[in-house]
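# Fold and contact review
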Amino acid sequence: MSYSGFNMPKKENNKNISSREKYKISLIVSEWNNQITSKLLKGSIETLTKQGIRNENIFITKVPGSFELIFEAKKKSKESKFDSIIVIGCLIKGDTKHFKYLCKSISYSIAKINLESIIPVIFCVLMDKNIKQSIERSGGKIGNKGIEAAYTSLKMMDLNKS
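Residues numbered from 1 in each chain as written. Predicted model: local features only at pLDDT ≥ 70, side-chain atom pairs only at ≥ 80, totals over all residues. Heavy atoms only, no water.

We now examine the sheet that holds strand 1 (residues 25-30). One open sheet accounts for four strands, arranged 2-1-3-4; its pairing is parallel. Each end of this open sheet is capped by a strand with a single partner; those strands are strand 2 (58-63) and strand 4 (121-128). The average angle at which neighbouring strand axes cross in this sheet is 15°, direction not considered. The pairing of strand 1 with strand 2 spans six bridges and is classified as parallel. (Pairing = 2+ DSSP bridges. Helix = DSSP H or I, 4+ residues; strand = E, 2+ residues; numbered from the N terminus. Axes fitted to C-alpha atoms, helices over the stretch in contact; angles between N-to-C directions.)

Put into structure tokens, the structure is as follows:
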């Protein structure tokens, strides 16, 4: 994502907000680590609606885990009804190599979908060392990466429409 908590837009241009009501956004959310992904989702939705996206133009799809974000993002990127896709997930490092392979595969695959798609696919998949770090990045002291993903999505849709 291109924003950090201190680099968020302070005030949006009202012209941009009014022109966004027709944008359609797909939010694809992993159910794994739901205590984290639900907060990221909430931050994304609240930000999108405050910035002019109509509730009926936000489409939420839940997938079992973060790896499944890849398939659903690929499928949605081929549909012509969306202006942006945000993938939301959370991976927390354990004691096996599984974390490393998942992080690499998901990052690479979402980047590849972005290269092949005419609509932006925004990456909001936390890849953290522990649950504490995930909590801090999903509404804790570091902020909410779901909010940052929403702002990135808005910016990319505006750029794609200009």
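The subject of this paragraph is the packing of helix 3 (residues 68-78) against helix 4 (residues 98-116). Where helix 3 contacts helix 4, the two axes come as close as 10 Å, and the packing angle between them is 5°. Taken together, the axes of helix 3 and helix 4 are roughly parallel relative to one another. Listed contacts from helix 4 to Leu 69, Ile 70, Ala 73, Lys 74 and Ser 77 of helix 3 are Ser 105, Ile 106, Ser 109, Ile 110 and Ile 113. (Parallel < 35°, antiparallel > 145°, perpendicular 65-115°, else oblique. Contact = heavy atoms within 4.5 Å.)

The phi angle at Asn 33 is positive, at roughly 60°, despite the residue not being glycine. Counting through the fold element by element, Asn 33 comes out in the loop between strand 1 and helix 2 (34-50).

With 21 residues, the main nonpolar core has Ile 25, Leu 27, Leu 48, Ile 53, Ile 86 and Ile 88 as its most contacted residues. Of all the secondary-structure elements, those providing two or more residues to this core are strand 1, helix 2, strand 3 (84-92), strand 4 and helix 6 (145-161). Considering every element that reaches this core, the biggest residue donor is helix 6, with five residues. With sequence-adjacent residues up to four places away left out, Ile 88 is seen in contact with Ile 28, Val 29, Ser 30, Thr 37, Leu 40, Leu 41, Ser 44, Leu 69 and Cys 124. (Core = buried A, V, L, I, M, F, W, Y, C linked by side-chain atoms within 4.5 Å. Buried < 20%, exposed > 50% of the residue type's maximum accessible area, 1.4 Å probe, protein only.)

Taken as a whole and assessed by the stated rule, the structure comprises 11 salt bridges. Residues Asp 83 and Lys 161 are paired through a salt bridge, measuring 2.9 Å at the closest nitrogen-oxygen approach. On the criterion of sequence distance, the pair formed by Asp 83 in the loop between helix 3 and strand 3 and Lys 161 in helix 6 is long-range, its members being 78 residues apart. Given the relative accessible area of 14%, Asp 83 is considered buried. Here Lys 161 falls in the exposed class, since its relative accessible area comes to 52%. Because the salt bridges share partners, they merge into one network encompassing Glu 72, Lys 75 and Lys 76. (Salt bridge = Lys/Arg side-chain N within 4 Å of Asp/Glu carboxyl O.)

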